[in-house]
Amino acid sequence: MRRSTVVPLIQPPAPDYAAPTTPGTTVARGLTPAFELDPSPRSASRTIMRRLLGLTFSGLLLITLAGACAANAAGKGAERPTYSLTVKFGKLMEKYQEHAKKQQWDAALAELDKVAERDFLNPYERAMIFQARALVHTALNKTDEVIKDMQQAVELDAMPEQPQLDAEYNLGLAYFMAERFSESADMFTKWASKAKDIEPTKYYVIASTLSQAHRFAEALPYANKAVEGMKVPDEAWLQLLLSLNFETKNEAGVAAALKRLIAAFPKKEYWLQLSETYIAMGAEDKALQTLETVQAKGLLTEQLEIVALARLYLRQGAAPKAAALLDQQIKAGKVEKVPFNLELLAK
């Protein structure tokens, strides 16, 4: 089976919502901040918009002047129409390609308008014109026009199977750039239902888009597939998986994602969140073991964290350990001699 390798018209911006911490929000009882999704994505910058040109002009409209470019394959049990790119069409597009290579965008659009007026064009060729227009509008930073062009190319449904899928994926990316996340998510999931051997990066893009649309339960399977396909651990991908498990109130999934983060990126914040997650799950023995590990690594430096460990010792029937910890940390000046802490010490 051939891998579904889409050459994207658009490279989406890195999501801003990849598990930022929000002060004052907790997984359980007041120890560490939870991961939340930021509903305000990064605006498409001029530089990012120019990445729409990732599909080169020569690559997008590489027209075989020797004859036909392949026919559409059958889709879902129904025969698809068969069209070809003709030699005549290829020659007509040569002037457009010359203008495009020179970044003469107005002239390129004018040339496309001339070609589009020809009566003999078949639907496949018209779809190619719309995609060429999308590239020009990308260079001009006209996202709304890119969307209109790609919509028309997709709606014709006249290209061979793989180019048709590529166009659907690129339309999803165009919606993303316009911050039309629900439409982007719909297009991506439609694409994913037909694409074969999807790359992990594409699963991550789909999960990210569904997250931006606040469709967290739908996003979670795609995030899992992205992470499962990682060759090298990616912190942002794991953070997204963590966030989605948190949003769907899947505590076991939160714990599993945190373990993977800790294995690859052993940051203090992940250890603390894992402990809090265990508390929320009613597994205080595991929460205690986790905090003891953090303490052994010398990472428990804040009063709140030290007191949390002391309280867990008390709840697990280890009062002498709680007292020893508090006494040591009070002497070290890391825990204040306030009534609450002294009461814990007395216990």
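Residues numbered from 1 in each chain as written. Predicted model: local features only at pLDDT ≥ 70, side-chain atom pairs only at ≥ 80, totals over all residues. Heavy atoms only, no water.

**Quick look at the overall build of the chain**
Then step 1. Across its full length, the chain carries 18 helices and two strands.
Then step 2. In the chain, which comprises 347 residues, the proportion classed as buried is 48%.
Then step 3. Restricting to contacts in the chain with at least 6 residues of sequence separation, those with at least 24 account for 60%.
Then step 4. Of the accessible surface of the chain, which amounts to about 16400 Å², a share of 51% is contributed by carbon and sulfur atoms. (Helix = DSSP H or I, 4+ residues; strand = E, 2+ residues; numbered from the N terminus. Buried < 20%, exposed > 50% of the residue type's maximum accessible area, 1.4 Å probe, protein only. Contact = heavy atoms within 4.5 Å. Areas by Shrake-Rupley, 256 points an atom, 1.4 Å probe, with all protein chains shown as cover.)

**Some points on the pattern of salt bridges**
Then step 1. Scanning the entire structure with this criterion turns up 15 salt bridges.
Then step 2. With its nearest N and O atoms 3.6 Å apart, the salt bridge here joins Asp 149 to Arg 133. Of the two residues, Asp 149 is situated in helix 7 (residues 143–156) and Arg 133 in helix 6 (residues 123–139); the sequence distance between them amounts to 16 residues.
Then step 3. A relative accessible area of 18% means that Arg 133 is categorised as buried.
Then step 4. Notably, a salt bridge pairs Lys 196 with Glu 161, separated by 3.8 Å at the nearest N-O pair. With Lys 196 in the loop between helix 9 (181–194) and helix 10 (200–212) and Glu 161 in helix 8 (residues 161–177), the pair connects residues that are 35 residues apart, well separated along the chain.
Then step 5. The class of Lys 196 is partly exposed, set by a relative accessible area of 37%.
Then step 6. Taken together, the shared-partner salt bridges in this structure form one network comprising Asp 113, Arg 133 and Asp 149. (Salt bridge = Lys/Arg side-chain N within 4 Å of Asp/Glu carboxyl O.)

**Here's the deal with the packing of aromatic side chains**
Then step 1. Applying the stated criterion across every chain yields a total of five aromatic pairs.
Then step 2. Considering the side-chain rings of Phe 176 and Phe 181, the 5.3 Å spacing of their centres and the 70° angle between planes classify their relative orientation as edge-to-face.
Then step 3. Judged by relative accessible area, Phe 176 falls into the buried class, the value being 6%.
Then step 4. One aromatic cluster is present, built from ring pairs that chain together Tyr 169, Phe 188 and Trp 191.
Then step 5. One residue, Lys 88, lies across the ring of Phe 120, its end atom 4.4 Å from the ring centre. (Phe/Tyr/Trp six-rings, centres within 6.5 Å; stacked < 30°, edge-to-face > 60°. Lys NZ or Arg CZ within 6 Å of the ring centre and 35° of its normal.)

**Focus: helix 17 (residues 319–331)**
One turn of the α-helix equals 3.6 residues, which is why residues spaced by three or four share an orientation.
Then step 1. An ideal rise of 1.5 Å per residue puts 18 Å on 13 residues; helix 17 measures up with 18 Å between its terminal C-alpha atoms.
Then step 2. Looking at helix 17, one finds that the buried residues are Ala 322, Leu 325, Leu 326, Gln 329 and Ile 330. Projected down its long axis, helix 17 shows its buried positions confined to an angular sector of 125°, all on one face. Facing away from the buried surface of helix 17 by more than 90 degrees, the exposed residues are Pro 320 and Lys 331.
Then step 3. Looking at the residues trailing helix 17, positive phi occurs at Gly 333, about 80°. (Expected span 1.5 Å × (residues − 1). Arc of directions from axis to C-beta.)

**Comments concerning helix 15 (residues 284–296)**
Then step 1. Look at helix 15: 18 Å from first C-alpha to last across 13 residues, which is about the 18 Å you get at 1.5 Å a residue.
Then step 2. Among all positions in helix 15, only Glu 284, Ala 287, Leu 288, Thr 290, Leu 291 and Val 294 are buried. Considered in projection along helix 15, the buried side chains sweep an arc of 160° and stay on one side of the axis.
Then step 3. Against helix 14 (268–280) and helix 16 (303–315) lie the buried residues of helix 15.
Then step 4. In the stretch just after helix 15, Gly 298 is the one whose phi turns positive, near 75°.

**A closer look at the confidence of the model for the chain**
Then step 1. For the chain, mean pLDDT is 80; residues scoring 70 or higher make up 74% of the total.
Then step 2. A low-confidence stretch, residues 1–59 stays under pLDDT 50, and its non-local contacts, those more than four residues away or across chains, total 159 contacts.
Then step 3. Per-residue pLDDT stays below 50 along residues 61–77; that stretch engages in 45 contacts with residues further than four places along the chain or on separate chains. (pLDDT = per-residue confidence, 0-100.)

**Describing the packing of helix 14 against helix 15**
Then step 1. In contact at an axis separation of 7 Å, helix 14 and helix 15 are set at 165° when each is read in the N-to-C sense. The angle between the axes of helix 14 and helix 15 places the two elements in the roughly antiparallel class. The crossing of helix 14 and helix 15 is left-handed. Where helix 14 abuts helix 15, its residues Trp 271, Leu 272, Leu 274, Ser 275, Tyr 278 and Ile 279 lie against Glu 284, Lys 286, Ala 287, Thr 290, Leu 291, Thr 293 and Val 294.
Then step 2. In the contact of helix 14 with helix 15, the residues fall into eight nonpolar, three polar and two charged. (Axes fitted to C-alpha atoms, helices over the stretch in contact; angles between N-to-C directions. Parallel < 35°, antiparallel > 145°, perpendicular 65-115°, else oblique. Left-handed = near helix turned anticlockwise from the far one by under 90°. Nonpolar A, V, L, I, M, F, W, Y, C, P; charged D, E, K, R; others polar.)

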